[in-house]
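# Coordinate inspection notes
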Amino acid sequence: VQLQASGGGLVQTGGSLRLSCAASEGIRRFNAMGWYRQTPGKQRELVAIINSGGVINLADSVKGRFTISRDNAKNTVYLQMNSLKPEDTAVYYCYAQVTVVLTAMSYWGQGTQVTVSS
């Protein structure tokens with residue numbers, strides 16, 4: 001499985017960005033897809049994830065500002081980020097979990113930089 005993330009960039013505080021993560025295979029069979037982020041010196045943290053049943057889990061820090069959605073026809077997951085804050089600045093990584101021969105496998109995209117200026 002290959003994941004191609006896009007949509008990062010530079011935005012001012014209060015602005016919006018939409019990240020896209022396109023998978024190389026049909027995502028209907030994926031257990032879950034989502035986004036993590038990482039800043040220098042810190043561990044990668046969950047931002048948002050959506051499972052195959054459409055259940056969504058959002059980090060407390062982004063609730064009310066970010067939404068995640070999936071388009072099975074396009075094999076793509078989106079992260080809509082509104083009301084961005086400087087603390088949202090990070091490299092955002094697309095993530096997918098897929099069951100392969102009864103084993104849950106994790107896949108990561110290449111990361112896309114999001115920078116929010118104050």
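Here's what I pulled together on the structure shown here. (Residues numbered from 1 in each chain as written. Predicted model: local features only at pLDDT ≥ 70, side-chain atom pairs only at ≥ 80, totals over all residues. Heavy atoms only, no water.)

## Here we look at the state of the cysteines
By definition, a disulfide links the sulfur atoms of two cysteines through a covalent bond. The cut-off we apply is this: For the purposes of this analysis, a disulfide is any pair of cysteine sulfur atoms at a distance within 2.5 Å. Strands are runs of DSSP state E lasting at least 2 residues, helices are runs of H or I lasting at least 4, and numbering of each runs from the N terminus.
Tallied over the full model, the rule gives one disulfide. Two residues, C21 and C94, share a disulfide whose sulfurs are 1.8 Å apart. Of note, the bridge from C21 to C94 carries an S-S torsion of about -80° and is left-handed in sense. Pair noted here: C21 is in strand 3 (residues 17–23) and C94 is in strand 9 (residues 90–100), with a separation of 73 residues, a long-range link.

## Quick word on the pattern of salt bridges
Spelled out, the test is: For this analysis, a salt bridge means a side-chain nitrogen from Lys or Arg found within 4 Å of a carboxyl oxygen belonging to Asp or Glu. Only protein chains enter the accessibility calculation, which uses a 1.4 Å probe. A residue is then buried if its area is under 20% of the maximum for its type, exposed if over 50%, and partly exposed in between.
Throughout the structure, instances matching the rule amount to five salt bridges. Here E45 ties to R37 by a salt bridge, and the two come within 2.7 Å at their closest N and O atoms. Classification of R37 by relative accessible area gives buried; the value is 6%. A salt bridge links R37 to D88, with the nearest nitrogen and oxygen atoms 3.0 Å apart.

## Examining a nonpolar patch on the surface
Under the convention used in this document: Surface patches are drawn from residues lacking salt bridges whose relative accessible area is over 30%; two like charges belong together within 9 Å, two nonpolar side chains (Val, Leu, Ile, Met, Phe, Trp, Tyr) within 5 Å. Accessible surface area values rest on a Shrake-Rupley calculation with a 1.4 Å probe, where residue burial reflects the displayed protein chains alone.
Among the surface-exposed residues, V100, V101 and M105 lie close enough to one another that they form a single nonpolar patch of about 260 Å² accessible area. Within the secondary structure, M105 is located in strand 10 (residues 103–108).

## So, the environment of V98
The criterion, for reference: Contact definition: two residues touch when any of their heavy atoms are within 4.5 Å.
Inspection of the secondary structure puts V98 in strand 9. On a C-alpha basis, the gap between V98 and A32 in space is 7.2 Å, while along the polypeptide they are 66 residues apart. Those residues in contact with V98, other than ones at most four positions away along the chain, are V1, R29, F30, N31, T103, A104, M105 and Y107.

## Structural notes on the pairing of strand 1 (residues 3–6)
Convention followed: Being paired, for any two strands, means DSSP has found at least two bridges between them.
Only one face of strand 1 is covered, namely the face carrying L3 and A5; the face carrying Q4 and S6 is uncovered. Pairing geometry for strand 1 and strand 3, over four bridges, is antiparallel. Of the residues in strand 3, the one forming a bridge with Q4 is A22.

## Here we look at the sheet that holds strand 8 (residues 76–81)
Operational definition: Fitting a line to C-alpha atoms yields each axis, with helices limited to the stretch in contact; the angle taken between N-to-C directions then spans 0 to 180 degrees.
Taken in spatial order, the four strands of this open sheet run 1-3-8-7, and their pairing is antiparallel. The open sheet has two edge strands, strand 1 and strand 7 (66–71), and neither has a second partner. Averaged over all pairs of adjacent strands, the angle between their axes in this sheet comes to 15°, without regard to strand direction.

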